[in-house]
Amino acid sequence: MKSQVVIPKMPELGHSETYYCRAAHDAEKMHDDLSHEGAKVGQYVTLAMGSTLVWEEKERYLRHALNRHCVPPRIPDDEVWAFYKDLQNLVRDVAGTEAMRIASCEDDLYAALMAMGHPRAEIEERAEVFFKRMIPQEICPDWFHEDDYGQLKVIRDQWI
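Heads up: these notes are all about the structure in this document. (Residues numbered from 1 in each chain as written. Predicted model: local features only at pLDDT ≥ 70, side-chain atom pairs only at ≥ 80, totals over all residues. Heavy atoms only, no water.)

A word on the overall build of the chain. Looking only at helices and strands, one finds 6 helices and 0 strands in the chain. N-terminal to C-terminal, the α/β element order of the chain is α-α-α-α-α-α. Each principal axis of the C-alpha distribution contributes one length, and for the chain these read about 70 × 30 × 15 Å. Sequence-distant contacts in the chain: of pairs separated by 6 or more residues, those separated by 24 or more amount to 64%. Accessible surface, the chain: about 9700 Å² in total, of which carbon and sulfur atoms supply 53%. (Helix = DSSP H or I, 4+ residues; strand = E, 2+ residues; numbered from the N terminus. Contact = heavy atoms within 4.5 Å. Areas by Shrake-Rupley, 256 points an atom, 1.4 Å probe, with all protein chains shown as cover.)

Attention shifts here to the nonpolar core. In terms of nonpolar packing, the biggest core is built from 37 residues, with Trp55, Leu62, Val91, Phe131, Met134, Phe144 and Leu152 touching the most fellow members. For this core, the elements supplying multiple residues, two or more each, are helix H2 (33-48), helix H3 (55-69), helix H4 (78-115), helix H5 (120-134) and helix H6 (146-159). For this core, the leading source of residues is H4, giving 14 residues. Ignoring sequence-local partners within four residues, the contact set of Phe131 consists of Ala103, Tyr110, Pro136, Leu152, Ile155, Arg156 and Ile160. (Core = buried A, V, L, I, M, F, W, Y, C linked by side-chain atoms within 4.5 Å. Buried < 20%, exposed > 50% of the residue type's maximum accessible area, 1.4 Å probe, protein only.)

Summarising the element assignment, Asp93 is placed in helix H4. Between the alpha carbons of Asp93 and Gly117 there is a distance of 36 Å; along the sequence they are 24 residues apart.

Under the definition given, this model contains 7 aromatic pairs. An angle of 15° between the planes, with centres 5.8 Å apart, marks the rings of Trp55 and Phe144 as stacked. Of the two residues, Trp55 is situated in helix H3 and Phe144 in the loop between H5 and H6; the sequence distance between them amounts to 89 residues. Look at Trp55 and you get buried, because its relative accessible area is 3%. One aromatic cluster is present, formed by Trp55, Trp143 and Phe144 through successive ring pairs. (Phe/Tyr/Trp six-rings, centres within 6.5 Å; stacked < 30°, edge-to-face > 60°.)

Put simply, the largest pocket is a space of about 210 Å³. Every residue lining the largest pocket is listed: Pro8, Lys9, Met10, Pro11, Glu12, Tyr19, Tyr20, Ala23, Ser35, Gly38 and Ala39. Contributing elements (two or more residues each) for the lining of the largest pocket: helix H1 (17-29) and H2. By residue class, the composition of the lining of the largest pocket is 7 nonpolar, 2 polar and 2 charged. (1 Å grid on protein atoms, 1.4 Å probe; cavity = no way out; pocket = protein on both sides within 12 Å on 5 of 7 lines; lining within 4 Å. Points joined across faces, edges and corners; volume = space filled by probe spheres on them. Nonpolar A, V, L, I, M, F, W, Y, C, P; charged D, E, K, R; others polar.)

Bringing the side chain of Gln88 into the picture now. Tracing the sequence through the fold places Gln88 in helix H4. Under the relative-accessibility criterion, Gln88 is labelled buried at 10%. Ignoring any residue separated from it by four or fewer positions in sequence, one finds Gln88 in contact with Leu66, Cys70 and Pro72.

The subject of this paragraph is H3. An α-helical turn contains 3.6 residues, so a residue and the one three or four places further along point in the same direction. If you check H3, its first and last C-alpha atoms are 20 Å apart, about what 15 residues at 1.5 Å a residue would give, namely 21 Å. Those residues of H3 that fall on the buried side of the exposure criterion are Trp55, Lys58, Glu59, Leu62, Ala65, Leu66 and His69. Buried positions in H3, seen along its axis, are confined to an arc of 155° and lie on one side of it. The outward face of H3, more than 90 degrees from its buried face, is lined by the exposed residues Arg60 and Asn67. (Expected span 1.5 Å × (residues − 1). Arc of directions from axis to C-beta.)

Our focus in this paragraph is the pattern of salt bridges. The tally for this structure, following the rule as stated, stands at 12 salt bridges. A salt bridge links Glu98 to Arg101; the nearest nitrogen and oxygen atoms lie 3.0 Å apart. Here Glu98 pairs with Arg101, and both are found in helix H4, just 3 residues apart, close to one helical turn. A relative accessible area of 38% means that Arg101 is categorised as partly exposed. Through salt bridges with shared partners, a single network forms among Glu138, Lys153, Arg156 and Asp157. (Salt bridge = Lys/Arg side-chain N within 4 Å of Asp/Glu carboxyl O.)

So, in structure tokens, the structure goes:
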């Protein structure tokens, strides 16, 4: 008879790193892989939400969470598969929110520079450098939802 897997809740975001480390350690001791991965996702996503980080640092945390802690086992039950998909969506939700926040600030800066009389070509150069770091390819990266990626491209295309 197959044992029933208990699917944990999605991790709460915003706790201290110690909180997540303790939760991951406790889950590991209990051989609870799902809770362990959830705690690690909570840890890395919360780190990515840090206000002092530049986009590349945020992206590194988000990609680590997605590539290391949101990967279901080879042949998961439907519930386990859904849990990992929810973890992936949590990471992508935060990635989109953080990227849009940063891109919106940059967009406001470009508008202010235009209002102050800075040449459009100068702003375009700056925008090109900025957006190549944020959205380095023309297809949606794995760490974004398609909608968020589309919105970032709309902001980018106003300036490039």
